[in-house]
Amino acid sequence: MPTFPVIHSPCGKFELHYSPETGGSIMSFTAGGKDVFRPYDPATPLAPLNTASFPLTPYSNRIINGQLHVGGTV
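Notes on the structure in this doc start here. (Residues numbered from 1 in each chain as written. Predicted model: local features only at pLDDT ≥ 70, side-chain atom pairs only at ≥ 80, totals over all residues. Heavy atoms only, no water.)

Observations concerning the sheet that holds strand β3 (residues 25–31)
Convention followed: Two strands qualify as a pair provided DSSP detects at least 2 bridges between them. In this text, helices come from DSSP runs of H or I with a minimum length of four residues, and strands from runs of E with a minimum of two, each type numbered from the N-terminal end.
The four strands lie next to each other as β1-β2-β3-β4, forming an open sheet whose pairing is antiparallel. At either end of the open sheet lies a strand with only one pairing partner, and these are β1 (6–8) and β4 (34–35). Here β1 pairs with strand β2 (residues 14–19) via three bridges, running antiparallel. Its bridge partner being in β2, I7 is matched across the sheet by L16.

Digging into the environment of G12
Among the structural elements, G12 can be located in the loop between β1 and β2. Distance from G12 to A31, taken between C-alpha atoms, is 8.9 Å for residues 19 residues apart in sequence.

Remarks on the pairing of β3
We count it as follows: Each residue gets one of three labels from its accessible area relative to the maximum for its type: buried under 20%, exposed over 50%, partly exposed in between, using a 1.4 Å probe on protein chains only.
Within β3, five of the seven residues are buried, which leaves it mostly tucked inside the rest of the structure. Two elements, β2 and β3, share six bridges in a ladder whose sense is antiparallel. Note on β3: the bridge partner recorded for S19 is S25. A loop of five residues connects β2 with β3, the two strands running antiparallel in sequence, and G23 in this loop sits at a positive phi of about 75 degrees. Sheet analysis places β3 next to β4, joined by two bridges and oriented antiparallel. If you follow A31 over to β4, its bridge partner there is K34.

As structure tokens, then:
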């Protein structure tokens with residue numbers, strides 16, 4: 001697996017690898033050394049849909065017409 005930045009939990013039980021290149025997508029997430037999410041397969045292209053999980057920000061597909069209205073501004 002390629003090297004990605006890692007975040008360790010304070011208790012050391014959880015480990016999260018993420019990819020800034022894909023918008024902060026999660027490449028792997030483990031608890032006690034066991035996969036919680038399906039890890040990224042390095043044989044696939046580095047793209048959000050091939051990662052373990054990816055952020056749906058600033059919004060996902062559940063907003064009418066794909067527009068977010070905040071304070072009267074789209």
